[in-house]
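Structural features, examined
Chain by chain, the residues run as shown.
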Amino acid sequence: AYAVVAAVKGFPAFRSSLRGDDVLRVYDHVALGIAVALPGDELVTAVVEDADMLDWQEFAARCRERIEEARGGKDQASDAVSISLTIMQSFGLRDAVPVVVPPSMATLFLGEVYSGLDQAAAEPRLKRHVNLALTFDHRLVNGVGAAQFLNAVKKNVEEIDRVLAG
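Residues numbered from 1 in each chain as written. Predicted model: local features only at pLDDT ≥ 70, side-chain atom pairs only at ≥ 80, totals over all residues. Heavy atoms only, no water.

What follows concerns the overall build of the protein. A tally of regular secondary structure across the protein gives four helices and nine strands. Going from the N terminus to the C terminus, the protein shows its helices and strands as α-β-β-β-β-α-β-β-β-β-β-α-α. For 166 residues, the compact-globule estimate of 2.2 N^0.38 gives 15 Å, and the C-alpha radius of gyration of the protein, at 16 Å, lies within 12% of that figure. Projected onto its principal axes, the C-alpha positions of the protein cover 50 × 35 × 30 Å. For the protein, with 166 residues in total, the buried portion stands at 40%. Residue pairs at least 24 apart in sequence account for 48% of intrachain contacts in the protein once pairs closer than 6 positions are excluded. In the structure as shown, the protein presents an accessible area of about 9600 Å², 53% of it carried by carbon and sulfur atoms. Across the protein, the centroid of the 17 positively charged side chains sits 4 Å from that of the 23 negatively charged ones. (Helix = DSSP H or I, 4+ residues; strand = E, 2+ residues; numbered from the N terminus. Rg over C-alpha atoms; globule rule 2.2 N^0.38 Å. Buried < 20%, exposed > 50% of the residue type's maximum accessible area, 1.4 Å probe, protein only. Contact = heavy atoms within 4.5 Å. Areas by Shrake-Rupley, 256 points an atom, 1.4 Å probe, with all protein chains shown as cover. Lys, Arg positive; Asp, Glu negative; His and termini not counted. Charge placed at Lys NZ, Arg CZ, Asp CG, Glu CD.)

Set out below in structure tokens:
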């Protein structure tokens, strides 16, 4: 989640939303939504406001706090949430197609971590992998911009020590 927030800093479209078809809002900071499942197939959103202004420790603490509030039934969804995460690791899913819930402009699916062959290694060896799937509003960003964003997330995950250090 922190790698995603760090990537959003360089992609203003992912801090944006459309009101109707013609009113564009670009937010100064990231309000990150995190999907939280409740019993009975209910779903609420935990929101970390100004996520891009928090250091790693503050971000982790705020995430835990907001997720616990959501688990208690408090839906924090707001118009300021431009990107949401849906994490399906605990269900053993590697792939899925997330849905964008307007006015958000994107939803990023994070699948189960698995071991696969390291394609860059000269000798066969295993490497940890995770599949990401991004659904986004094409009125705000096209495929190339979305791919660049996903590559920034990937780089941040691969260099997480640098990202956490700020």
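So, next bit.
Below, the discussion takes up the pattern of salt bridges. Pairing is possible between side chains of opposite charge, provided their charged atoms come close. Inspection of the entire model under this criterion finds eight salt bridges. Two residues, Asp118 and Arg125, come together in a salt bridge whose shortest N-O distance is 2.5 Å. For Glu159, the salt bridge identified is with Arg162, shortest N-O distance 2.8 Å. By relative accessible area, which is 32% here, Glu159 ends up partly exposed. Using a relative accessible area of 42% as the deciding quantity, one classes Arg162 as partly exposed. (Salt bridge = Lys/Arg side-chain N within 4 Å of Asp/Glu carboxyl O.)

The next subject is the sheet that holds strand β3 (residues 31–38). Taking strand neighbours across the sheet as the criterion, the five strands line up as β4-β3-β5-β6-β9 in an open arrangement whose pairing is mixed. A strand with exactly one partner marks an edge of an open sheet, and here the two such strands are β4 (42–48) and β9 (132–136). Each adjacent strand pair in this sheet contributes to an overall mean axis angle of 25°, direction not counted. Taken together, the seven bridges between β3 and β4 define a ladder with antiparallel strand orientation. Each residue of the ladder has a partner; that of Leu32, found in β4, is Val48. Contacts from helix α2 (residues 56–71) reach β3 and β4, with the element oriented near 150° to β4. (Pairing = 2+ DSSP bridges. Axes fitted to C-alpha atoms, helices over the stretch in contact; angles between N-to-C directions.)

Across its 16 residues, α2 extends 22 Å between first and last C-alpha, which sits within 8% of the 22 Å expected from 1.5 Å per residue. The inward-facing, buried residues of α2 abut α1 (2–8), β3 and β4. N-capping of α2 is provided by Asp55, with a side-chain oxygen placed 3.1 Å from the backbone N of Gln57. Where α2 ends, the next residue or the one after it, Gly73, has phi of about 100°, a positive value. (Expected span 1.5 Å × (residues − 1). Polar contact = N/O pair within 3.5 Å; in protein donor to acceptor, adjacent residues only side chain to side chain.)

This next bit is on the packing of aromatic side chains. If you walk through the whole model with that rule in mind, you get six aromatic pairs. A centroid spacing of 6.4 Å and a plane angle of 85° characterise the contact between Phe11 and Phe14, whose relative ring orientation is edge-to-face. Its relative accessible area of 0% is what places Phe14 among the buried residues. Here the aromatic residues Tyr2, Trp56 and Phe59 are joined through ring pairs into a cluster of three or more. For Arg94, the ring lying beneath its charged end belongs to Tyr114, and the centroid distance is 4.1 Å. (Phe/Tyr/Trp six-rings, centres within 6.5 Å; stacked < 30°, edge-to-face > 60°. Lys NZ or Arg CZ within 6 Å of the ring centre and 35° of its normal.)

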